[in-house]
Amino acid sequence: MKTIWAATAIALATTVGAVSANAAVKVDGVPLMQTAPANGVPLLINGAGTVDLGGKMAAAVYLPQNTTSASDIMTMPGAKSIRLTALSNMSAVSFAKALEAGVKKGTSAAQYASFKPAMDAFSKQLASVKQIPKGETVEMLFEPANGIVLMGPGAHIIPGTGNAELYQAMLRMLPAGVLSSAAVQKQNVS
């Protein structure tokens, strides 16, 4: 498990801080990578756009293969990634509250209660960051064997928590164009 976290941290550090040569997709002037590594497996950008989660962020969803089907996005096996890049300095606590509100809005009370321990862990980790600087990325990587790995600015990583249902709730709170966009998918490099 430590190897997985180390590999994920190294992948994040090498890809998030620098603009990649394969960053042809831009959201509000922010270049987004066309592929994102998930423990050595490249995920393809499936959709991108701007979201407001406690502040404006450039958002992208990465999947093992492109699809325009919402049900395929939710049930596709393998790793998935949501990457959110701050468009200006923003409060990490505000981001955590917006993330929690979005998940809560899209789930039943009973389902949300089962997600609460994971959401509390995310909030605690984000509160320790205090601020998400402009241009920094927060990634929520779902790995079937590990749950959701939250990677924040710098080296802030929270080990896998949550499950596929929580990740689906996070995906549901994103606009349709962020989940899937044929125009964004056309820019993927073969």
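Please read these numbers as outputs of a predicted model, since none were measured by experiment.

> Give me the lowdown on the pattern of salt bridges, citing residues and values where you can.
Scanning all chains against the criterion turns up 3 salt bridges. Note that D120 is salt-bridged to K116, the shortest N-O span being 2.8 Å. Taken together, the residues D120 and K116, both in helix α4 (residues 109-129) and 4 residues apart, mark about one turn of the helix. Here D120 falls in the partly exposed class, since its relative accessible area comes to 36%. Taking relative accessible area as the criterion, K116 reaches 30% and is therefore assigned partly exposed. Shared partners join several salt bridges into a network, and the residues in it are E100, K116 and D120.

> Give a description of the packing of α4 against helix α5 (residues 164-172) that names residues and reports values.
Here α4 crosses α5 at 80°, and the two axes come no closer than 10 Å. The angle between α4 and α5 falls in the class roughly perpendicular. In this structure, α4 uses Q111, F115, A118, M119 and F122 to contact α5, whose residues at the interface are E165, L166, A169, M170 and R172. Within the contact of α4 with α5, the residues separate by chemical class into 7 nonpolar, 1 polar and 2 charged.

> Provide a residue-level description of the sheet that holds strand β10 (residues 147-151), including the pertinent values.
Taking strand neighbours across the sheet as the criterion, the 7 strands line up as β3-β4-β5-β6-β9-β10-β11 in an open arrangement whose pairing is antiparallel. The sheet is open, and its two borders are formed by β3 (35-38) and β11 (157-161), each paired with just one other strand. When strand polarity is set aside, the average angle formed by the axes of neighbouring strands in this sheet is 25°. Summarising the sheet, strand β5 (residues 56-63) and strand β6 (residues 80-86) pair through 6 bridges and their orientation is antiparallel. The partner of A60 across the bridge, within β6, is R83. Across the face of the sheet, α4 comes into contact with β10 and β11 while running at roughly 175° to β11.

> Tell me about the packing of aromatic side chains, and please be specific about residues and values.
Tallied over the entire structure, the rule returns 1 aromatic pair. Residue placement shows R83 over the ring face of Y62; its charged tip is 5.8 Å from the ring centre.

> An account of the packing of helix α3 (residues 92-105) against α4 is requested, with residue identities and associated values reported.
One way to put it is that α3 packs onto α4 with a least axis distance of 8 Å and a crossing angle of 165°. On the basis of their axis angle, the class for α3 and α4 is roughly antiparallel. Handedness of the α3/α4 crossing: right-handed. Residues A92, V93, F95, A96, L99, E100, V103 and K104 of α3 lie in contact with α4, whose contacting residues are Y112, F115, K116, M119, S123, L126, A127 and V129. Taken together, the residues of the contact of α3 with α4 break down into 12 nonpolar, 1 polar and 3 charged.

Reading the values: rules and limits
Here the residue numbering is sequential within each chain, running from 1 through the sequence in written order. Reporting of local features is limited, given that this is a predicted model, to residues whose pLDDT is at least 70; pairs of side-chain atoms are given and counted only at 80 or more, and all residues count toward the totals for whole chains, interfaces and linings. Remark: hydrogens and water are excluded; side-chain values derive from all non-hydrogen atoms of the structure. We count a salt bridge whenever a side-chain nitrogen from Lys or Arg sits within 4 Å of a carboxyl oxygen from Asp or Glu. Put simply, DSSP H or I for four residues or longer makes a helix, DSSP E for two residues or longer makes a strand, and each gets a number counted from the N terminus. Here the term buried applies to any residue with accessible area under 20% of the maximum for its type, exposed to any over 50%, and partly exposed to those in between, with areas from a 1.4 Å probe on protein chains only. Axis definition: a line fitted to C-alpha atoms, limited for helices to the stretch in contact. Angles are taken between N-to-C directions and run from 0 to 180 degrees. In what follows, roughly perpendicular refers to angles from 65 to 115 degrees, roughly parallel to angles under 35, roughly antiparallel to angles over 145, and oblique to any angle outside these ranges. In what follows, a contact means two residues having at least one pair of non-hydrogen atoms within 4.5 Å. Gly falls in the polar group here, along with every residue not listed as nonpolar (Ala, Val, Leu, Ile, Met, Phe, Trp, Tyr, Cys, Pro) or charged (Asp, Glu, Lys, Arg). DSSP-based pairing: two strands are paired if at least 2 bridges between them are found. For this analysis, a ring pair means two rings from Phe, Tyr or Trp (six-membered ring only for Trp) whose centres lie within 6.5 Å, classed as stacked if their planes differ by under 30 degrees, edge-to-face if by over 60, and tilted for the remaining angles. We call a charge positioned over a ring when the NZ of a Lys or the CZ of an Arg lies within 6 Å of the ring centre and within 35 degrees of the ring normal. A crossing counts as left-handed when the near helix is turned anticlockwise from the far one by less than a right angle, and as right-handed when that turn is clockwise.

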